[in-house]
Amino acid sequence: MKIKISTIHAVLVYLLVFFSTTYISYNPIRYFLLVVVAMMIAPNIKILSRNTYRGLNVGIALFCIATLIVSYINRNGYTDRNPFLAAIVFTATLVEFVLTVEMFCQREEMQNLIKVFYRMTLLVVIATDFLILFTTIHLQYGGNVFLVGTKFQVVYMHFYLISFFIADKNVRLRTVRESSLNNAILVLFFIMTMTMSIELGTATGIVGTVALLLFLWLNEKNIDFFLNSKIFFVALMASLLFAVFVEIILSNSVVTYIITQLLGKDVTLTFRTVIYSMLPNIMKGRWLWGFGYGTGYEVLMRHGIVDAQNGVFDWIQQIGIFGTMLLVMWLCIAMKRPKNDYKINYSDVRALTALIYVFVLLATVEITFSSDFLAAVVLLYGIKMQRIREGEMAE
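Cut-offs applied
Residues numbered from 1 in each chain as written. Predicted model: local features only at pLDDT ≥ 70, side-chain atom pairs only at ≥ 80, totals over all residues. Heavy atoms only, no water. Helix = DSSP H or I, 4+ residues; strand = E, 2+ residues; numbered from the N terminus. Buried < 20%, exposed > 50% of the residue type's maximum accessible area, 1.4 Å probe, protein only. Contact = heavy atoms within 4.5 Å. Areas by Shrake-Rupley, 256 points an atom, 1.4 Å probe, with all protein chains shown as cover. Expected span 1.5 Å × (residues − 1). Arc of directions from axis to C-beta. Salt bridge = Lys/Arg side-chain N within 4 Å of Asp/Glu carboxyl O.

Asks: Mind showing me how you'd approach the overall build of the chain here?
Replies: Check the secondary structure of the chain and you find 17 helices and 0 strands. Projected onto its principal axes, the C-alpha positions of the chain cover 55 × 50 × 45 Å. Counting only residues that meet the buried cut, the chain has 52% of its 395 residues in that class. Once local pairs closer than 6 in sequence are excluded, the contacts in the chain between residues at least 24 apart make up 78%. For the chain, the accessible area works out to roughly 18,300 Å², and carbon and sulfur atoms hold 65% of it.

Here it is, written out as structure tokens:
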């Protein structure tokens, strides 16, 4: 059986963007993948030099330039990593993923890309869950580090599995009661995700699983509402403002009951309220440009904090308000509903839209806007662009 070059390309991009592990030194592999993927993209530059993606590409280019400049300015004074080198790897990875998606879109092979991503995620999830449930290898790393990283990353990988599965198999949540293999598998994946969330003791996973189910259900009838740049912008700002007004929000008796009784957490959200109150002092004199890409852990640990515990604030800490504004700008461009919305209400669009909004919701209390989240937004954009091409060809 002959394997297509595009399939190999998709596998390599998946390993570059969506997979990482601390069980081995993955950075050399990542550098190798960056070179190989670049070589696969290079011969196709001609088909990418079109105006179709100009708006998104300009936005991402400005964001990448800002990230590189800020990280170069802040390149000294760190022991854990070089912010400028980290920024180069990050921006190169993002650019290569964007070009890959645009290439697959031009060739009308987005479904093949989704299929590969689903199968790769399935393999990763099976391997991760097996190692957690039936081996003690994670205990060698203090019990908190697993194949794909932290307990949160384990649960997030399950979210990707569910979304990629729905996108690949075209499953509708409202028909899940019907007897079919795909529906049974979808139910199994949700049970796996909830079980692993409970096993690892992560309330974030439990809330995220329920939220993913809810967003998937809502999207089947209201995709117009969620595919809206203004609504998405409001959602992003709401996730940031939660950290600003957290004391007022937590003073509500209903919110307190949900946190303490239903989720079994303390009212400070595991000291997140303390962390949020410390952030303004940490950011003094750094609001505009931040501390540089990838510096969160080292900078915040100087104040006894592991991370910012908020998705938008995590980026402000790294690249400042200016860079974060550019990030928000291109994310809103990517989430905009296309004018030619031919076949936009498909399972792949709905599944990725739901996944993205789940991560925005969780960003109120976690740092969920990582490179794989950005890739998911770009992937959704590519699918929408292919739907437009299909509509143009059908006319």
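Asks: I tried to follow helix H4 (residues 54–73) on my own but got confused; where do I start?
Replies: Residues spaced three or four apart along an α-helix point in a common direction, a consequence of the helix completing one turn every 3.6 residues. Here H4 is 20 residues long and its end C-alpha atoms lie 28 Å apart, about the 28 Å a rise of 1.5 Å per residue gives. Taken as a whole, H4 has its buried residues at Leu56, Gly59, Ile60, Phe63, Cys64, Ala66, Thr67, Val70 and Ser71. Looking down the long axis of H4, one finds its buried residues gathered within 160° of arc, a one-sided arrangement. For H4, the exposed residues set more than 90 degrees away from the buried face come down to Arg54 and Ile73.

Asks: Please clarify how the side chain of Asn112 should be interpreted in this entry.
Replies: Structurally, Asn112 is set in helix H6 (residues 110–134). Residue classification places Asn112 among the buried residues on the basis of a relative accessible area of 17%. With residues near it in sequence (within four places) discarded, Asn112 still touches Lys4, Ser6, Thr7 and Phe104.

Asks: Any chance you could explain the pattern of salt bridges here in plain terms?
Replies: Any two side chains of opposite charge can pair, given that their charged atoms come close. Counted by the stated rule, this structure contains 5 salt bridges. Two residues, Arg272 and Glu366, come together in a salt bridge whose shortest N-O distance is 2.4 Å. One end of the pair, Arg272, is in helix H13 (residues 272–282); the other, Glu366, is in the loop between helix H16 (347–362) and helix H17 (371–394), and 94 residues separate them in sequence. Given a relative accessible area of 10%, Arg272 falls into the buried group. Of the charged contacts in the structure, one is a salt bridge between Glu298 and Arg302, with a shortest N-O distance of 3.6 Å. Among the charged side chains, a salt-bridge network with shared partners connects Lys115, Asp168 and Lys169.

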